[in-house]
2 protein chains.
Amino acid sequence: MGYVESLHAKAIELSRLSVEMTAAADSGHPTSASSLAHIVAALMHGHMRYDPSDPASPTADRLVLSEGHACPIVYAAGSELGLAVGKGSGERRPMTVEDAMTLRAIDSEIDGHPNPAEGFPFFPAATGSLGQGLSIAAGLAAAARLDGSDKRVFCIIGDGESREGQVWEAVDFIVDYGLNAVCPIFNCNGYGQSDPVSAQQSPEVIAAKLRGAGFDVAVIDGHDPVAVRDALIEHVRHTDDAGARPFAIVAETVKGWGFVKTAGDGLHGKPLTGDDETAALKELEETAEALGVAGTNGDLEACPAPATASPPAGCESPPGFAEAMNTYGQASALSDGKFAPRKGYGIALQALGHANPDVVALDGDVKNSTFAEYFSQDPDLAHRFFECRIAEQHLISCAAGLASGGKIPFASSFGKFVARGYDQFEMGFISRLNLKVVGSHVGVNIAADGPSQMALADVAFFRSMAKVQADAGGPGLYILNPADAVSAYALTVLMAEHEGACYLRAARPDTPFLYDVDADFTLGGHGVLAEGADVLIVASGYAVHEALQALATLSEEGIKAGLIDLYSLPFDGEAIAQSAQACGRRVVTVEDNYGAGFGSEVVEALLEHGGSFRVKQMYVKRIPKSGRSADDLMTYVGLSAGDIVAESRALAG
Amino acid sequence: MGYVESLHAKAIELSRLSVEMTAAADSGHPTSASSLAHIVAALMHGHMRYDPSDPASPTADRLVLSEGHACPIVYAAGSELGLAVGKGSGERRPMTVEDAMTLRAIDSEIDGHPNPAEGFPFFPAATGSLGQGLSIAAGLAAAARLDGSDKRVFCIIGDGESREGQVWEAVDFIVDYGLNAVCPIFNCNGYGQSDPVSAQQSPEVIAAKLRGAGFDVAVIDGHDPVAVRDALIEHVRHTDDAGARPFAIVAETVKGWGFVKTAGDGLHGKPLTGDDETAALKELEETAEALGVAGTNGDLEACPAPATASPPAGCESPPGFAEAMNTYGQASALSDGKFAPRKGYGIALQALGHANPDVVALDGDVKNSTFAEYFSQDPDLAHRFFECRIAEQHLISCAAGLASGGKIPFASSFGKFVARGYDQFEMGFISRLNLKVVGSHVGVNIAADGPSQMALADVAFFRSMAKVQADAGGPGLYILNPADAVSAYALTVLMAEHEGACYLRAARPDTPFLYDVDADFTLGGHGVLAEGADVLIVASGYAVHEALQALATLSEEGIKAGLIDLYSLPFDGEAIAQSAQACGRRVVTVEDNYGAGFGSEVVEALLEHGGSFRVKQMYVKRIPKSGRSADDLMTYVGLSAGDIVAESRALAG
């Protein structure tokens, strides 16, 4: 059978399975799925180079299904190809049609939207919150380039989905880096969930936007086998030609292809069940007859992947803080005993870069503020640095793609701007990717620039995920909030060594060292800076310095205050409770951010670990503004040393 | 003096003041400011129609400075024009040069980035987190159109800033709605913070992207007075021509215009102080001489605004739940006693739309899921509905613009996708705008679609702002989490009546009514569904229904459990503590979201209001997946009625 007939036959078969599996699940998106029938069949049954039994191998071509709700079509192909399914790598088995029919069941690997973590490793990352896939694809291609692999990365984006600005952030990034290995495929079936798509998302306008941004574009009939094949070959030509622009495919498709009369115009997110299912399957048979492929299943096979690339160079342990400071030109700060946490992060990033070839860094045009520039300006490391420009959604998703590609990505920006990528981060969290995000300029202490630049809600947001348990036990995420450069350095190194998501807050001011340069830190640990008897102050981040000042005053007044540096969340709640008991069960918590953060977690720990305590939570309780000094702001929001003294005195007195 | 000389002279003067005020503040962005010297002078000194003493009047043209860090140039113009400053509307005074020199001081209205709430009402909203201004401008223009005003809205966007995808979401929206009153001005000074901008943000590529998206574009020299004036006039022509495409200006400018030798290439975010300041001022004088305008200040004046438009039609109280259900075609659901909270929201939105002409609604292509379609499909209301498509960043910022324009905007999407606009929401919060955001499909109970569609971290994020105090006292924000349609309806109405930010969670399932149709609700209130003696269950949202089932089982076992429906956060913590005391100080909290949410707030309240309690917090502690029923998922995450029984029994027994 020729290619045209084979692809039509396969498209019919995949559409049929999509209808059946969504009917079995009584939910899902069969019409979106079938609009991709030919494209997915062409990709998975011959064009992509991969081994169905090991679809995530380092050299395999990858498919990011950005419009995740269309996943039944990929599951259909997977059931035909015996694609590996199974949660652990040791528990993989070839997918069957029976597996497909478990779509969306609670004990099934065939999840409602793509998620490799549930046991479908063909997908590089979880998708379903729209607009993120092209950034993930770019990250995968960037990782492949570092590995010397010629892997191709396909990304299918819905027409309505292309309204998401992040898609265009990714487009710019792909042009900037010439990542021609990425092949964006826009699936123009003309319908969103609640309406036909806007004229702004028509094939013509999408193509015009892509061309304006520097892409070559083929606009094709997405159900014409020859057009699909030729476009994919054109993409290969663009990857082989060093001078070529990136290449994208804009495919005009039909929602509910093959059973469009049954589906009706624009039906979205509704399975066809009962008589509707019967009618759709009958209409698919009629479509097959009209195409001359009734009763056949084509003769397409998956194309093997290239041999595995050589293993990456091994990694070593990074040096300690003092050695790193000396090695990387910061000897004078070392002897001064004063260095910003953000700079401690920068030096650690540089040291990690030298120690571990998998460590990569990404920035959003603030590398001279986060001090990620210590990495980017190092000639040995610059090629592993990705400047995402002012595009934080892309920044986080691109990091997710790099993580999916085996790298350890550190994505840093102002903590406030990291919020632009919260949903992207959560998708990476759902994917169980090894994401390291660093937010600088946290808290009101940055003062002059005002609240539009201050991270204040970040602790609460990330804390919600820190309270989720990871699959392997332990917290789903660590929030790290170092108060000095020594701990910032050590915690950055620990982040890199930990397999799992972490968020580090890297404060701006040059603060004095609180720890010996060879002090020990642990994820989940805390520092005891002073033992007390009358009141325990538990502070985190920049607030620790205010608390230290308060301690001196309290001591003069004869009040013995303990001080804990809560540099990690989660932490050892029992230990904190014991310290609190030793301080008369009187606790003041201090943090330079909005509430629902460290202090709230301390309160929960105290309640859990023993009875009645008197606790005063101090955090940012009013919307801040600009001021000319950190002291101005700490006073404005009631977190100055004097405020801490007053609260401690009131509790202890 | 002619226009050319006058504009040059004014540009020199504004640049000089920008250098001086940032020097006085010892921080800020004088070079970004001066790159806008001619454009801002042309806008504020003659083109914009507004009264400097009342720059936020309903008919005044508005300027959204999306690249907020360039604000010194606007402050400079303001000090020349005597623009109103002062925090309360009764405390307004004309701005002076002395005011300008207080830039960024803790007691100054002249904040580091634009923020009307600090006393500079010329700015419609806080900016500084980049990429949001054009969406705000679009919202302002949409509000003006509803008011029958021909207000023009200018928006200045940095070239580097235009990398933010949100800018292109706004561009599509402006084309969709033909909002030609918006005039986007791209300030192409060639530099970001840490680098020259990418070639993707060159004037040529920005213009090509705009044209691809359907704009007419003028690429001009932003320091040529005639070119600037002509481009602004061309924009007016586009607003007057019903058939015209929207129009944008791409201005090639010089960072540090007038003192570029002193500033050096690309200097960002650094004031010029001491000798540098002296040199910059001297160079500005030389520039003035070279332009033939030394020692002059031009003779430009602000252009008055049109007379105030007629006051809007008055509003009335919306009907009660039962009347609304009957009026809007839901009589059968009313008699069934079962209706989804999201539908309760939809009906309330429709009723509010009829009762209050200021209520508007915005959607992100899920109106058939959030039931905002009850509003959009109502012929009387459709013109006040804005379909933002799949672009949630724009959705939230556009709502902020509508709020700034005097409307009461309800922006709804899936709660998960609202996260795409968290930073945008926080900027609205900083602006003290009257934002109403509604997230549907909250929690694992949506089941089949899986975690990419489930809002889980939302409570923690919004809670951090609920713990901030509003300027007028009271909470900075309310989180509302109704468990049934009766409370969803009432709380939506209360949201509209409350002046301030609110976030409502509108669960998906059709749940039975928990309340009489005329029950009373309050922001900050809670419902007592059962009095108990042995254990108090405090549940919120969908979890209330699981708790009700648990109550029945516990009762059979002889355990008297109380049940509180915690539909609001903040809530009356003392009342909860009293109920807990009546239940033996044993409390189980249940919520269908990640932790750091309702239960955490309950723990804080208990500790504050009296001593020792035994508390078990139940929330989503593992990453969910798909399942075919809500029960599957509630069991998977340990929040089923059976789990609640087990925990309650363990505490009580």
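What you see is a predicted model; the values in this text were computed from it and never measured.

1. Considerations on the confidence of the model for chain A
And then number 1: When pLDDT is averaged along chain A, the result is 96, and 98% of the positions lie at 70 or above.
And then number 2: Here the complex is predicted with pTM 0.98, and the ipTM for its interfaces comes to 0.98.

2. What to know about the nonpolar core
Note that soluble globular proteins tend to have their nonpolar side chains buried in a common cluster.
And then number 1: Counting residues in hydrophobic clusters, the biggest one holds 282 residues, and the most contacted among them are Leu210(A), Phe410(A), Phe425(A), Ile537(A), Leu210(B), Phe425(B) and Ile537(B).
And then number 2: Leu210(B) has contacts with Trp168(B), Val171(B), Phe186(B), Phe215(B), Val217(B), Ala248(B) and Val250(B), leaving out every residue within four places of it along the chain.

3. Let's talk about the relation of the copies chain A and chain B
And then number 1: The two copies are related by a screw operation: chain A maps onto chain B through 180° of rotation and 0.0 Å of translation along the axis, at an RMSD of 0.0 Å. Taken together, the rotation and translation relating the two chain copies correspond to the operation of a two-fold axis. The position closest to the rotation axis in chain A is occupied by the C-alpha of Gly165(A), lying 1.8 Å away.

4. Let's talk about the interface of chain A and chain B
And then number 1: Taken together, the 114 residues of chain A in the interface contact 114 residues of chain B.
And then number 2: Here chain A and chain B share an interface that buries about 8,900 Å² over both sides, 49% of which is from carbon and sulfur atoms.
And then number 3: For the chain A face of the interface with chain B, the top three residues by lost area are Arg163(A), Arg420(A) and Arg628(A), together amounting to 10%.
And then number 4: Of the charged contacts in the structure, one is a salt bridge between Asp195(B) and Lys367(A), with a shortest N-O distance of 2.5 Å.
And then number 5: At the junction of chain A with chain B, the criterion picks out 83 residue pairs in polar contact (both at pLDDT 80 or more).
And then number 6: When its residues are assigned to classes, the side of chain A that touches chain B shows 45 nonpolar, 36 polar and 33 charged.

5. Comments concerning the pairing of strand β7 (residues 247–252) of chain A
Residue and element names in this part refer to chain A.
And then number 1: With five of its six residues buried, β7 lies for the most part within the structure.
And then number 2: Where strand β6 (residues 216–221) lies against β7, six bridges are found, and the strand directions are parallel. Paired with Asp-221 across the strands is Glu-252, a residue of β7.
And then number 3: Note that the unit made of β6, helix α9 (residues 225–240) and β7 has a crossover that is right-handed.

6. Details of the side chain of His223(B)
Residue and element names in this part refer to chain B.
And then number 1: Examined against the element boundaries, His-223 turns out to sit in the loop between β6 (216–221) and α9 (225–240).
And then number 2: A distance of 2.9 Å separates a polar atom in the side chain of His-223 from the backbone nitrogen of Val-254.
And then number 3: Those residues in contact with His-223 that sit more than four places away from it in its chain are His-8, Ser-34, Ser-35, His-38, Glu-252, Thr-253, Val-254 and Trp-257.

Thresholds, definitions, all that
- Position labels on residues start from 1 in each chain and follow its written sequence.
- The lettering of chains begins at A and the numbering of ligands begins at 1, in the order of writing.
- The predicted nature of this model means local features are confined to residues of pLDDT at least 70 and side-chain atom pairs, given and counted, to a pLDDT of 80 or more, with totals for whole chains, interfaces and linings taken over all residues.
- Just so you know, side-chain values use all the structure's heavy atoms and leave hydrogens and water out.
- A score from 0 to 100, pLDDT tells how confident the predictor is in each residue.
- Take the buried residues of types Ala, Val, Leu, Ile, Met, Phe, Trp, Tyr and Cys, join any two whose side-chain atoms come within 4.5 Å, and each joined set is a nonpolar core.
- Accessible area is worked out with a 1.4 Å probe on protein chains only. A residue is then buried under 20% of its type maximum, exposed over 50%, and partly exposed in between.
- Residue contacts follow a heavy-atom distance rule, with two residues in contact if any of their heavy atoms lie within 4.5 Å.
- Each copy is superposed on the other by least squares, with the fit set by C-alpha atoms of residues at a pLDDT of at least 70 in both.
- A simple way to read buried area is as the amount of 1.4 Å-probe accessible surface that goes missing from two parts once joined, with both sides added.
- We count a salt bridge whenever a side-chain nitrogen from Lys or Arg sits within 4 Å of a carboxyl oxygen from Asp or Glu.
- Polar contact criterion, stated in full: a pair of N or O atoms within 3.5 Å, where within protein one must be able to donate a hydrogen and the other to accept it, and residues adjacent in sequence count only if both atoms are side-chain atoms.
- Under this grouping Gly is polar, as are all residues other than the nonpolar Ala, Val, Leu, Ile, Met, Phe, Trp, Tyr, Cys and Pro and the charged Asp, Glu, Lys and Arg.
- Helical segments are the DSSP runs of H or I of at least four residues, strand segments are the runs of E of at least two, and each set is numbered from the N terminus.
- One bridge is not enough; two strands pair if DSSP finds at least two bridges between them.
- Here, the term right-handed applies to a crossover whose path from the first strand over the helix to the second runs clockwise when the strands point away from the viewer.

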